[in-house]
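Chains, contacts and geometry: an overview
This is what each chain is made of:
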Number of protein chains: 2
Amino acid sequence: MPSEQAAVIGAGHTRFGALAEGPRALLRECVDLAVTSVDRGLERTEVDEAYLGTLGFNGWQIGNASAVLAEEARLVGAPVTRVENACASAGFALRAGIQAIESGQRSMVLVVGLEKMTDAASRRRRYWLGVSGDTEWERLAGLTFAGVYGLLASRHMHEYGTPPEALAEVAVKNHAHALKNPKAQFRKAIRREEVLAAPRVADPLGLLDCCPVTDGAAALLLTSVARARRYTDTPVRVVGSGAASDRLAVQERESLTSLAASRRAAAEAFRSSPWDRSALSFAEVHDCFTIAELIALEDLGLVPAGGAAAMTLAGETRVGGRLPVNPDGGLKAKGHPIGATGASQAYEVFLQLRGQAGERQIPGAARALTHNVGGSGASATVTLFEAG
Amino acid sequence: MPSEQAAVIGAGHTRFGALAEGPRALLRECVDLAVTSVDRGLERTEVDEAYLGTLGFNGWQIGNASAVLAEEARLVGAPVTRVENACASAGFALRAGIQAIESGQRSMVLVVGLEKMTDAASRRRRYWLGVSGDTEWERLAGLTFAGVYGLLASRHMHEYGTPPEALAEVAVKNHAHALKNPKAQFRKAIRREEVLAAPRVADPLGLLDCCPVTDGAAALLLTSVARARRYTDTPVRVVGSGAASDRLAVQERESLTSLAASRRAAAEAFRSSPWDRSALSFAEVHDCFTIAELIALEDLGLVPAGGAAAMTLAGETRVGGRLPVNPDGGLKAKGHPIGATGASQAYEVFLQLRGQAGERQIPGAARALTHNVGGSGASATVTLFEAG
């Protein structure tokens, strides 16, 4: 049992998109915003540990990401660790931060997620993303991430009769949500017919089923619940956390319609939580492709297997529906700066559970989940949060 | 205060050198050796967390290092996290593993360090290493790691009168130690005159002052002291751990003859230890260049500033001397597979404190220190171990 419970007391987020800023500026901006978000203020000297989730840092002109964060966050001296678990880099960094607080070993932890994707030459960028999946049986045979998720979508349609309209509705909904998120990459409503008619990328997935290439960063400040009240009257507590791995190659997994890493991570997170799935106000799930959101809803136990399409088509996952999913626009429309996503999801939870989400606020939001996937399901984290 | 104390109950180590094996085979080998080293056996299903320290994984054809470790260690399902902190990657991975045990959150943790350097095209390899130092003021101006350490050596000579013979003696000693380490890259005695006459790399450092380019991996199994006796009668306890960061560029640091990150990490490690420096049986320090070993001895408080040269020339740091340093040959002669070094150092401690170091055994070794540096001092970890 943890000796402490962790709570988020501050969070910051850059705009997401194709940005002019380099990685140093993005780190500085999100950390500054997180520090200034602390209601009763925070001295940076109080931060005694930091974790940075980022995939591609060594592909840039600047390496040694943890040292760069130490400088840009003005934390030189404190231990800083870079965590890299593909698209779940920030999810695992957040988990490390939670553990450092829960163990009682650290009193104030900074967790940052970052990716700068548009500066990399496109040949290199594809290379980096590709190596996060299986190489021997997938990448070298030409199977891209879109290709993998296209396979999952085909099989999901075959097994459960999932209609293309359900995938399209995920994109339509997440674009609608992003319209109300000033930091989202795509702030443009799209119609279901547009999604269905978009150029094919990996059948049955079209261009509008895929998340974009994004720059961005997000930061979180964690302390213990016991200390949190010194900083704010409205901390956001962490009440559950789980993580798991799976095989890299989809052909070696037991199922093509479910990610075992997500199921395992969710089971672990809910095991320690004081409440179950039915108590959730909303969920932030890893929708790198539209099919991924449907599979996530099923893997997280938010709907029985095969039920996500009907749930989505019924509007239940829209803000205003029974269980809003990705109110910030999700990876699909907010954008997916690989190593930043896990922290960005928790930023949305921080806003929503404090009633600070503006136009997209979910009334009475009190309990939420974040779900971050690495590779095409080779790893996953699930984190549960509660207001107050 | 930690709720548990951590102990190493198993360790494995590949040969170090220019190896034919790829990263998957190296991971498999070191983990298999660690598992079979557990005196009363271990089921892999008991391992509930793993950390992998590695720098260059994304530079290979295979990425998503944590998923690759999950497969090769046969731990698919368990959470696995990749940690990248330049040359201190495994030092920070070890620290994460220690924390996971100390917090009581995990019961059996695998920590692995890995680097496969010789498969990378040499242009790329230099690029990766270079980006772990400062880019804006050092790398792009042509200052290599050897150049940085050459500057530190020049200044150390200027301030303390450190003679070139003391640097040479570090190389001579570590080569002599490596002669008795069957897993070392260089098993060849060298003479002081050879070191002094070797081609210059970055004056005053010559070729024989520099560590080589190395492939290799090492693995450690950690559990709590309370559980350790189920597995072995001779666990190696972790009694102190510290980590810190510093600025990337040496020109922005307060000193050219000392690494503040090492000093801070050592201070933190000894703060929680039941014994002080005088109780050490030996030390494993980060001798990427000969000057680095001298500076480490001073930064770790094993000798006053400026005193390491005399200590070394007097033979005190040889096996058989007052405080043996790098009995395995150190980075200089055992080899320095970047992300593996922090785990390799702890492997040596595991052997020595259990009396299993063969020809190079330090009689009565009971307490030891490992010291791992990232970049040219941008980060450091120090870990303290005690037998039994």
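All values reported here derive from a predicted model rather than from experimental measurement. Residue numbering note: each chain is counted from 1, following its sequence as written. Note on labels: chains are lettered from A, ligands numbered from 1, in written order. Local features in this predicted model are restricted to residues whose pLDDT is 70 or higher, and side-chain atom pairs enter the listing and the counts only when it is 80 or higher, whereas totals over whole chains, interfaces and linings include all residues.

Describing the overall build of chain A
This is how the line gets drawn: The secondary structure listing takes helices from DSSP runs of H or I that are at least 4 residues long and strands from runs of E that are at least 2 residues long, numbered from the N terminus. Just to be clear, the radius of gyration here is over C-alpha atoms, and the globule rule we use is 2.2 Å times residues to the power 0.38. For every residue, the other C-beta atoms within 10 Å of its own C-beta are counted; 20 or more classify it as buried, 12 or fewer as exposed, and values in between as partly exposed. C-beta atoms are placed from the backbone. Once C-beta atoms have been placed from the backbone, residue pairs whose C-beta atoms lie within 7 Å are recorded as contacts.
Counting secondary structure elements, chain A contains 13 helices and 11 strands. Against the compact-globule benchmark of 21 Å for 388 residues, chain A has a radius of gyration of 19 Å, which places it among compact chains. The C-alpha extent of chain A, read off along each of the three principal axes, is 55 × 45 × 40 Å. Each of the 388 residues in chain A was classed as buried or not, and the buried ones make up 66%. For chain A, restricting intrachain contacts to residue pairs at least 6 apart in sequence, the fraction spanning at least 24 positions comes to 78%.

Regarding the domain arrangement of chain A
Residue and element names in this part refer to chain A. For clarity, the threshold we go by: The source of the domain bounds is an automatic or database domain assignment.
Domain boundaries assigned for chain A yield domain 1 (6-121 + 214-236) and domain 2 (133-211 + 239-387). One C-alpha centre belongs to domain 1, the other to domain 2; they are set 23 Å apart. For the side of domain 1 that touches domain 2, the elements supplying multiple residues, two or more each, are strand S1 (6-13), helix H3 (89-102), strand S4 (108-115) and strand S7 (216-224). Among the elements that make up the side of domain 1 that touches domain 2, the one with the highest residue count is H3 (eight residues).

Topic: the relation of the copies chain B and chain A
Operational definition: When the copies are overlaid, the least-squares fit takes in C-alpha atoms only where the residue has pLDDT of at least 70 in both copies.
The two copies are related by a screw operation: chain B maps onto chain A through 180 degrees of rotation and 0.0 Å of translation along the axis, at an RMSD of 0.0 Å. Such values leave the two copies arranged in the relation of a two-fold axis. Mapped onto chain A, 100% of the interface residues of chain B again fall at the interface, so both copies present the same surface.

Some points on the nonpolar core
For clarity, the cut-off: Joined through C-beta atoms within 7 Å, a set of buried Ala, Val, Leu, Ile, Met, Phe, Trp, Tyr and Cys residues constitutes a nonpolar core.
Counting residues in each nonpolar core, the largest one holds 258 residues, and the members touching the most others are Ala50, Val112, Ala219 and Leu220 of chain A together with Val112, Ala219 and Leu220 of chain B. Aside from chain neighbours lying at most four places away, what touches Leu220 of chain A is Val8, Ala11, Ala34, Leu94, Val111, Ala343, Ala346 and Tyr347 of chain A.

Thoughts on unusual backbone geometry
A cis amide bond links Asp203 of chain A with the next residue in sequence, Pro204 of chain A, at an omega value of 10 degrees. Position of Pro204 of chain A among the secondary structure elements: in the loop between strand S5 (200-202) and strand S6 (205-206). Unusually for a residue other than glycine, Asn64 of chain B sits at a positive phi of about 50 degrees. Examined against the element boundaries, Asn64 of chain B turns out to sit in the loop between strand S2 (49-53) and helix H2 (65-72). A residue is classified by how many C-beta atoms lie within 10 Å of it, and Asn64 of chain B, with 31 of them, is buried.

Digging into the pairing of strand S2 (residues 49-53) of chain A
Residues and elements named next belong to chain A. What counts here: Being paired, for any two strands, means DSSP has found at least two bridges between them.
For S2, the buried fraction is high: five of the five residues fall into the buried class. Judged by which residues are buried, S2 turns out to be covered on both faces: Glu49, Tyr51 and Gly53 on one side and Ala50 and Leu52 on the other are all buried. As judged from the four bridges shared by S2 and strand S3 (residues 80-83), these two strands associate in the parallel manner. Looking at S3, one finds that Tyr51 is bridged to Thr81.

Looking at the pairing of strand S11 (residues 379-387) of chain A
All names here are of chain A. For S11, a buried count of eight out of nine residues is recorded, marking the element as mostly surrounded by other parts of the structure. As defined by bridge partners, strand S8 (residues 236-245) adjoins S11 across nine bridges and the pair is classed as antiparallel. Its bridge partner lying in S11, Arg237 is registered against Glu386. Pairing of strand S10 (residues 367-374) with S11, which is carried by eight bridges, proceeds in the antiparallel orientation. Bridge pairing links Arg367 to Glu386 in S11. Linking two consecutive strands that pair antiparallel, namely S10 and S11, is a turn of four residues; a positive phi of about 65 degrees is found at Gly375 within it.

A short note on the environment of Arg139 of chain B
Tracing the sequence through the fold places Arg139 of chain B in the loop between helix H4 (122-131) and helix H5 (145-160). Sequence separation between Arg139 of chain B and Asp215 of chain B is 76 residues; the distance between their C-alpha atoms is 24 Å.

Concerning H5 of chain B
All names here are of chain B. What counts, and what does not: To estimate the expected span of a helix, subtract one from its residue number and multiply by 1.5 Å.
Taking 1.5 Å of rise per residue, the 16 residues of H5 would be expected to cover 22 Å, and the 22 Å separating its terminal C-alpha atoms lies within 8% of that figure. When H5 is considered as a whole, its buried residues turn out to be Phe145, Ala146, Gly147, Val148, Tyr149, Gly150, Leu151, Leu152, Ala153 and His156. Phi for Gly161, located one or two positions after H5, is positive at around 70 degrees.

Comments concerning the environment of Gly10 of chain B
Residue and element names in this part refer to chain B. Relative to the helices and strands, Gly10 is located in strand S1 (residues 6-13). Given 26 C-beta atoms within 10 Å, Gly10 falls into the buried group. Once the C-alpha coordinates of Gly10 and Leu256 are considered, the two residues, 246 residues apart in sequence, prove to be 38 Å apart. With residues up to four places along the chain from it excluded, the contact list for Gly10 reads Ala34, Val35, Ser37, Val38, Leu42 and Leu221.

A short note on the interface of chain B and chain A
Each side of the interface is counted separately: chain B has 46 residues, and chain A has 46 residues. Among the elements of the structure, H2, strand S3 (80-83), helix H3 (89-102), H4 and strand S8 (236-245) of chain B are those that each provide at least two residues to the side of chain B that touches chain A.

A closer look at the environment of Phe350 of chain B
Residue and element names in this part refer to chain B. Within the secondary structure layout, Phe350 lies in helix H13 (residues 341-353). Phe350 gets classed as buried once you count the C-beta atoms within 10 Å, which come to 28. Distance in space between the C-alpha atoms of Phe350 and Leu313 is 28 Å, their sequence separation being 37 residues. Non-local contacts of Phe350, meaning those with residues more than four positions away in its chain, are made with Val8, Ala11 and Val236.

Digging into the packing of H5 of chain B against helix H10 (residues 290-299) of chain B
All names here are of chain B. We apply this condition: For helices, the fitted axis covers only the stretch in contact; all axes are lines through C-alpha atoms, and the angles between them, taken along N-to-C directions, range from 0 to 180 degrees. Put simply, angles under 35 degrees are roughly parallel, angles over 145 are roughly antiparallel, angles from 65 to 115 are roughly perpendicular, and the rest are oblique. For any pair of crossing helices, the crossing counts as left-handed if the nearer helix is rotated counterclockwise from the farther one by less than a right angle, and right-handed if it is rotated clockwise. In this classification, Asp, Glu, Lys and Arg are treated as charged, Ala, Val, Leu, Ile, Met, Phe, Trp, Tyr, Cys and Pro as nonpolar, and every other residue, Gly included, as polar.
Orientation of H5 relative to H10, taken along the N-to-C sense of each, is 55 degrees, at an axis distance of 9 Å. The angle between H5 and H10 falls in the class oblique. The handedness of the crossing between H5 and H10 is left-handed. Counting all contacts with H5, which are made through Tyr149, Leu152, Ala153 and His156, the residues of H10 involved are Ile291, Ala292, Leu294 and Ile295. Residues that form the contact of H5 with H10 fall into these classes: seven nonpolar, one polar and no charged.

Concerning H13 of chain B
All names here are of chain B. For H13, which comprises 13 residues, the first-to-last C-alpha distance of 18 Å matches the rise-based estimate of 18 Å (1.5 Å per residue) to within 8%. Within H13, 13 of the 13 residues are buried, which leaves the element mostly enclosed by the surrounding structure. Looking one or two places after H13, you find Gly355, whose phi comes out positive at around 70 degrees.

Brief notes about the confidence of the model for chain A
The line we're drawing: Confidence of the prediction at every residue is given by pLDDT, a number between 0 and 100.
Per-residue pLDDT for chain A has a mean of 95; in total, 96% of the residues score no lower than 70. In the predicted assembly, ipTM is 0.95 and pTM is 0.97.

Description of the packing of H3 of chain A against helix H13 (residues 341-353) of chain A
Across the interface, H3 of chain A lies against H13 of chain A with an axial gap of 5 Å and an inter-helix angle of 65 degrees. Contact residues: Ser89, Ala90, Gly91, Ala93 and Leu94 of chain A in H3 of chain A; Thr341, Gly342, Ala343 and Ala346 of chain A in H13 of chain A.

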